[in-house]
Amino acid sequence: MVEDKNSSSVREITASNRVAWDEAAPYHRANAQYAAHLAGFARPGHSCLDETLTGRLLALGLEDKDVVQVCCNNGREILSIKNLGAARCLGIDQSAAFLAQADELAAAGGIDCEFLCRDIYDLPDDLRGAFDLAVITIGVLCWMPDLEAFFAVAAGLLRRGGQLAIYEDHPILNMATEDPTQDPARLFLSYFREEPWVEETGLDYYGNTTYKAAPSLCFFHKFSDIFMAARSASLELREFEEFAHNIGTWPHLENQNAQLPLSYFLRLGNAA
Ligand SMILES: C[S@@+](CC[C@H](N)C(=O)[O-])C[C@H]1O[C@@H](n2cnc3c(N)ncnc32)[C@H](O)[C@@H]1O
């Protein structure tokens, strides 16, 4: 539970973002990518995780691990983690509309995975210390208005010796544009931007449909912000690697001579 001087503005921001994500859900549901996930999860053992994340998670030994995914969206990644052999699996997201899709994907394969519809800044106490591994993937940190509080919540989900695995877009992409018609070598915004980016044309990154949407606010967190917020939650660095491959909405920035880093894997641990 976040209770500090910023908590009311954090709540206002996450509430507005929740409306925007719920609005996006039917657009994602109607897209062929969703149909592919539905067909995929009907097959036993299906996983949508790429080679990079699969290898790193399997190296941790999933069999006896209780795993929570923070901001799981339609659940496809935590369902994949369950299919890769994890023990208890829980996906948390504040969008009821996306979690309805998660339930549908789970039902397609009869996959035993729990989902919880909650703002990550307002989790029930019984989740504290309940997991061996917390996972965050692609496009989560940018939605967090208070990064320190977010890392405190994520760390609080972990048992003693637990780990937090983050596979995310590289923060340098805050400077770039998702518009594939632009020169990929050009940078557009400051890495040091402090004000949130406000989007009002929707969050349909599956189909790229635009529509009049509730404002969603995302934030430009620098790597220094991420590391210092993790440190403030007493999480220690265990593994960190940057990659040239796209894991989000940046395929046009791959395979350049002057290659920007596009993604990273960061593993943090609390004291054993
Ligand atoms: C871009 S998705 C990323 C999830 C996943 N990696 C994916 O690719 O689908 C971001 C998710 O974060 C969720 N989210 C944003 N802010 C949240 C909050 N404060 N509490 C819980 N979920 C939140 C949104 O509802 C959305 O489903």
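Residues numbered from 1 in each chain as written. Predicted model: local features only at pLDDT ≥ 70, side-chain atom pairs only at ≥ 80, totals over all residues. Heavy atoms only, no water.

**Student:** Sorry, what's going on with the nonpolar core here?
**Tutor:** Considering soluble globular proteins, one finds that nonpolar side chains tend to be buried as a cluster. Grouped together as the largest cluster of nonpolar side chains are 50 residues, with contacts concentrated most on Ile120, Met144, Phe150, Phe151, Leu164, Ile166 and Leu235. For this core, the secondary structure elements donating two or more residues are helix 1 (7-29), strand 1 (67-70), strand 2 (89-93), strand 4 (131-137), helix 6 (147-156), strand 5 (158-169), helix 7 (223-232) and strand 9 (263-269). Here this core gets 7 residues from one element, more than from any other, and that element is helix 6. Beyond its immediate sequence surroundings of up to four residues, Phe150 is in contact with Val70, Ile120, Tyr121, Ile136, Val140, Leu141 and Met144. Membership of the second largest hydrophobic core comes to 29 residues, among which are Leu49, Cys72, Ile111 and Ala165. (Core = buried A, V, L, I, M, F, W, Y, C linked by side-chain atoms within 4.5 Å. Buried < 20%, exposed > 50% of the residue type's maximum accessible area, 1.4 Å probe, protein only. Helix = DSSP H or I, 4+ residues; strand = E, 2+ residues; numbered from the N terminus. Contact = heavy atoms within 4.5 Å.)

**Student:** What is the right way to look at the packing of aromatic side chains in this model?
**Tutor:** Two measures describe an aromatic ring pair: the distance that separates the ring centres and the angle between the ring planes. Applying the stated criterion to the full structure yields 13 aromatic pairs. Ring plane angle 85 degrees and centroid distance 5.3 Å describe the contact between Phe223 and Phe240, whose orientation is recorded as edge-to-face. With a gap of 17 residues between them, Phe223 in helix 7 and Phe240 in strand 8 (residues 236-243) connect regions that are remote in the sequence. Judged by relative accessible area, Phe223 falls into the buried class, the value being 11%. Considering the side-chain rings of Phe227 and Phe240, the 5.2 Å spacing of their centres and the 90 degrees angle between planes classify their relative orientation as edge-to-face. Residue Phe227 is located in helix 7, and its partner Phe240 is located in strand 8; the two are separated by 13 residues in the primary sequence. For Phe227, a relative accessible area of 27% gives the class partly exposed. Members of the aromatic cluster, connected to one another through ring pairs, are Trp21, Phe98, Trp143, Tyr205 and Tyr206. Directly above the ring of Phe265 sits Arg56, whose terminal nitrogen or CZ lies 5.9 Å from the centroid. (Phe/Tyr/Trp six-rings, centres within 6.5 Å; stacked < 30°, edge-to-face > 60°. Lys NZ or Arg CZ within 6 Å of the ring centre and 35° of its normal.)

**Student:** How should the sheet that holds strand 2 be read in this particular structure?
**Tutor:** What holds strands together in a sheet is hydrogen bonding between their backbones, with the strands either parallel or antiparallel. Strands sit in the order 3-2-1-4-5-9-8 across an open sheet of 7 strands; the sheet is mixed. At either end of the open sheet lies a strand with only one pairing partner, and these are strand 3 (114-117) and strand 8. Each strand axis lies, on average, 15 degrees off the axis of its neighbour in the sheet, ignoring direction. In terms of strand pairing, strand 2 meets strand 3 through 4 bridges, oriented parallel. Looking across to strand 3, one finds that Leu90 is bridged to Glu114. (Pairing = 2+ DSSP bridges. Axes fitted to C-alpha atoms, helices over the stretch in contact; angles between N-to-C directions.)

**Student:** What's the story with the side chain of Asn31 in this structure? I'm lost.
**Tutor:** With respect to the helices, strands and loops of the structure, Asn31 is situated in the loop between helix 1 and helix 2 (32-41). The residues contacting Asn31, other than those within four sequence positions of it, are Tyr206 and Gly207.

**Student:** Would you explain the site of the ligand in this entry?
**Tutor:** Residues in close proximity to the ligand total 19 residues, the closest being Arg76, Asp93, Asp119, Ile120 and Thr137. At 2.6 Å, a side-chain N or O of Asp93 approaches an oxygen atom of the ligand. Protein burial of the ligand: of its 600 Å² of free accessible surface, 97% is covered by the chains. In terms of residue class, the shell around the ligand is made up of 8 nonpolar, 6 polar and 5 charged. (Near = heavy atom within 4 Å. Polar contact = N/O pair within 3.5 Å; in protein donor to acceptor, adjacent residues only side chain to side chain. Areas by Shrake-Rupley, 256 points an atom, 1.4 Å probe, with all protein chains shown as cover. Nonpolar A, V, L, I, M, F, W, Y, C, P; charged D, E, K, R; others polar.)

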